[in-house]
Amino acid sequence: MITKESQRLRSITMMLLMAVLVWSVTLQTCIARKGRHWRHHHSSYSSSSALSDSLSSKKPKSHHNSRSHKSKPQLKTPPPKSGSPVLPQPPQVQQPPPSPQVQPPPPPTPLPLQPLEGSQEFNVLDFGAKGDGMSDDTEAFEAAWASACKVEASTVVIPPDYIFLVGPISFSGPYCQANIVFQLDGMIVAPTDSESWGRGLMWWIEFTKLKGITIQGTGVIDGRGTGWWQQDNPFDYPIDDDFKLIVPLNNTVQERPPMPIRSELNGMPSIKPTALRFYGSIDVTVTGITIQNSPQCHLKFDNCVQVLVHDVTVSSPGDSPNTDGIHLQNTRDVMIHTSTLACGDDCISIQTGCSNVYVRNVNCGPGHGISIGSLGKDSTKACVSNITVRDIVMHNTMTGVRIKTWQGGVGSVKGVLFSNIQLTEVQLPIVIDQFYCDHSKCRNQTSAVAVEGVTYEKIRGTYTVKPVHFACSDSFPCVDVQLSGIELKPVQLQYHMYDPFCWKTYGLLNSPTVPPIDCLQIGKPARNGVHTDHDICV
């Protein structure tokens, strides 16, 4: 019995010992597992912190980003139980302070647009021009031109909304680059003091010996010529000789006023300048601008080749003396179109040495019409050929289409067409005058500039003095003059009116005319003057 009881106690004791042993082993395993879990979590946390620090150094964080203040929770290790080994606490990882917000740099300022290759602009304001209408801007214009001259296809800019006072100036080659543009959108005015002109100049603004020069824009060239006009007659400037054909109804002719004292003439020199002149240049274009109140001629081309003028306005009073609109001399291959010309002399004047000139769609008036000549003055040689003038409107002009030559000259005018000319109250619509003389008296001479091959067609409108005036040389009569579609009706104003007049004029009437031009001699003269080989135009 005792033995059985003793064995039961031994068994229970053994079971308890085994239970304690099992519990002890289990507890050590759990603690070990907890240690390994802390080390793994600490390693992960350290890696995460390092990555976070790396990102923080590359990308600034916003102070207002809530995610920048959220850190991973700290692992709390429970206190060890009694008898268990004391594990070290993980070190506290100190979070770096949030990086200050860095403002992004401002975008770079765009560079100014560079001019296209082969082209560059030179604004006169950048060279010191004031543009106030009172300061002398001549030097600024000269400096701008000097820079533009060095660059092919450059542009000199005269900006709008400025008035530039510029004295006599020459924009000259021949060492300038080609195809320079003079962009005129402002206003250029001439000085009115005599000191600026010295003893007198033939031009105010001049372009010389250039290739490919263009004047364009919407600007104005104002010659302010009133002071010059007032002293014109006293200094015996030439007057248009065809005034002699116009006789008022009261048969009185206004005499020239007595010569005033010099001080009454504002001290301006007797030589009057042309406003804008081109000399010795090739491929010249003038378009868009207005030229007004020139002391003498407004726009002149001398010794030029390939000239184009269009959409140009010329404006000066009808009584301003010797103020031709466009003047051509020794110039060939010219086209003038779509322009309005109002002045005190010829709207267009075609002088010696001109050939291949084409004029169309021009509004002329007031003025003295469109003229070839005067030619052969002082016994000089004059050659003009291949001239076409068509689609013209004229109103209140002295003459319409005219050829005028001096006695004693040599050479010829040939190959001329005047077509589709509309006239309103023109005093002398059709004129050939080989006895032209702008002096008080000229001596008779036998030699003359020959006129041949002139055609008039579709010339219609009204006249106030005489419809046709043909006065040709006895020695060199006008030949091959052809007329068709002529319809000219009289309008009685304040002048005596006359029938058509012809002298030594030969040609052909290709259709009936109004009024009848019975004075034209049909055919050719029995004999005609002969020029020497030296005098003949080639």
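Predicted model, so just to flag it, every value in this text is computed and none were measured. Chains are numbered independently. Their residues run from 1 in the order of the written sequence. The model is predicted, so local features are restricted to residues of pLDDT at least 70 and side-chain atom pairs to those at 80 or more, both for listing and for counting; the totals for chains, interfaces and linings are taken over all residues. Heavy atoms throughout the structure, all of them, feed into the side-chain values; hydrogens and water do not.

Chemist: It is not clear to me how the overall build of the protein should be interpreted in this structure. Could you clarify?
Modeler: In this text, helices come from DSSP runs of H or I with a minimum length of four residues, and strands from runs of E with a minimum of two, each type numbered from the N-terminal end. Along its length, the protein carries three helices and 31 strands. Each residue is placed in one exposure class: buried if its accessible area under a 1.4 Å probe, protein chains only, is under 20% of its type's maximum, exposed if it is over 50%, and partly exposed if it falls in between. Taking all 538 residues of the protein together, the buried fraction comes to 43%. In the protein, 79% of the contacts between residues at least 6 apart in sequence involve partners at least 24 apart. Summing over all exposed atoms, the protein offers an accessible surface of approximately 28,800 Å²; the carbon and sulfur share of this is 56%. Throughout, a residue-residue contact means that at least one pair of heavy atoms, one from each residue, lies within 4.5 Å. Surface accessibility follows the Shrake-Rupley procedure with a 1.4 Å probe radius. Residue values consider only the protein chains on display as shielding.

Chemist: What am I meant to see in the packing of aromatic side chains here?
Modeler: By convention here, two paired aromatic rings are described through the distance between centres and the angle between planes. Stacked, tilted and edge-to-face are the three classes assigned to paired rings of Phe, Tyr and Trp, where Trp is represented by its six-membered ring and a pair needs centres within 6.5 Å; plane angles under 30 degrees give stacked, over 60 edge-to-face, the rest tilted. Applying the stated criterion to the full structure yields 14 aromatic pairs. Plain terms: the ring middles of tryptophan 406 and tyrosine 436 are 6.0 Å apart, the flat faces sit at 75° to each other, and that makes the pair edge-to-face. Of the two residues, tryptophan 406 sits in strand β23 (residues 399-406) while tyrosine 436 sits in strand β25 (residues 428-436), which places them 30 residues apart along the sequence. The class for tryptophan 406 is buried, based on a relative accessible area of 6%. A residue is classified by how much of its surface remains accessible, and tyrosine 436, at 6% relative accessible area, is buried. Ring pairs connect the aromatic residues Trp145, Phe171, Phe182, Phe207, Phe278 and Phe301, which therefore count as one cluster. Taking the ring centre of tyrosine 498 as reference, the NZ or CZ of lysine 466 above it sits at 5.5 Å. Here, a charge over a ring is recorded when the distance from Lys NZ or Arg CZ to the ring centre is within 6 Å and its angle to the ring normal is within 35 degrees. Lysine 504 extends its terminal NZ or CZ atom over the ring of tryptophan 503, reaching a point 5.8 Å from the ring centre.

Chemist: What is the right way to read the side chain of aspartate 137 from this model?
Modeler: Within the secondary structure, aspartate 137 is located in the loop between β2 (132-136) and α2 (138-148). Buried and unpaired, aspartate 137 has lysine 130 as its nearest opposite-charge partner, separated by 7.3 Å. Residues in contact with aspartate 137, not counting those within four places in the same chain, are Gly128, Ala129, Lys130, Gly131, Ile163, Phe164 and Leu165. A positive count includes Lys and Arg, and a negative count includes Asp and Glu. His and the chain ends are not counted in either. Salt-bridge detection follows one rule: a side-chain nitrogen of Lys or Arg within 4 Å of a carboxyl oxygen of Asp or Glu.

Chemist: So what exactly am I meant to see when it comes to the pairing of strand β17 (residues 326-329) here?
Modeler: The side chains of a regular strand alternate between the sheet's two faces. Note that strand β14 (residues 299-302) and β17 share four bridges and pair parallel. By the bridge assignment for β17, aspartate 302 is matched with glutamine 329. A pair of strands is treated as paired once DSSP finds two or more bridges between them. Examined bridge by bridge, β17 and strand β19 (residues 348-350) share three bridges and lie parallel to one another. Paired with leucine 328 across the bridge in β19 is isoleucine 350.

Chemist: Is there a simple way to explain the UniProt feature "active site" (unreviewed entry) in the protein in this structure?
Modeler: Annotation from UniProt places "active site" (unreviewed entry) at His368. Its location among the elements puts histidine 368 in the loop between β20 (355-364) and β21 (370-375). Those residues in contact with histidine 368 that sit more than four places away from it in its chain are Asp240, Phe243, Gly344, Asp345, Asp346, Met398, Thr399 and Arg402. Within polar-contact distance, the side chain of histidine 368 engages the backbone oxygen of glycine 344 at 3.4 Å. UniProt positions are given in the numbering used here, feature names are shortened, and annotations may be inferred rather than shown by experiment. Any N or O atom pair separated by 3.5 Å or less is treated as a polar contact, with the protein-specific requirement of one donor-capable and one acceptor-capable atom, and with residues adjacent in sequence counted only for side-chain atom pairs.

Chemist: Before we go on, may I ask you to explain the environment of glutamine 427 in this structure?
Modeler: By the element assignment, glutamine 427 lies in the loop between β24 (410-426) and β25. Sequence separation of glutamine 427 and threonine 462 is 35 residues, and the distance between their C-alpha atoms is 8.5 Å. Look past the residues within four positions of glutamine 427 in its chain and what remains in contact with it is Ile246, Thr397, Met398, Tyr463, Thr464, Val465, Lys466 and Tyr495.

Chemist: I keep staring at unusual backbone geometry and nothing clicks. Help me out?
Modeler: Most peptide bonds are trans, and most residues other than glycine sit at a negative phi. In this chain, glycine 373 is followed by serine 374 through a cis amide linkage whose omega measures 15°. Relative to the assigned elements, serine 374 resides in strand β21. A cis amide bond links valine 514 to the next residue, proline 515, at an omega of -5°. The residue proline 515 is located in the loop between β30 (505-509) and β31 (521-522) in this model. The phi torsion at asparagine 179 lies on the positive side, around 65°, for a residue other than glycine. Its place among the elements puts asparagine 179 in the loop between β5 (169-172) and β6 (180-184). Using a relative accessible area of 37% as the deciding quantity, one classes asparagine 179 as partly exposed. In this structure, asparagine 303 is a non-glycine residue whose phi angle is positive, near 60°. Mapped onto the elements of the fold, asparagine 303 is located in the loop between β14 and β15 (305-310). For asparagine 303, a relative accessible area of 37% puts it in the partly exposed group.

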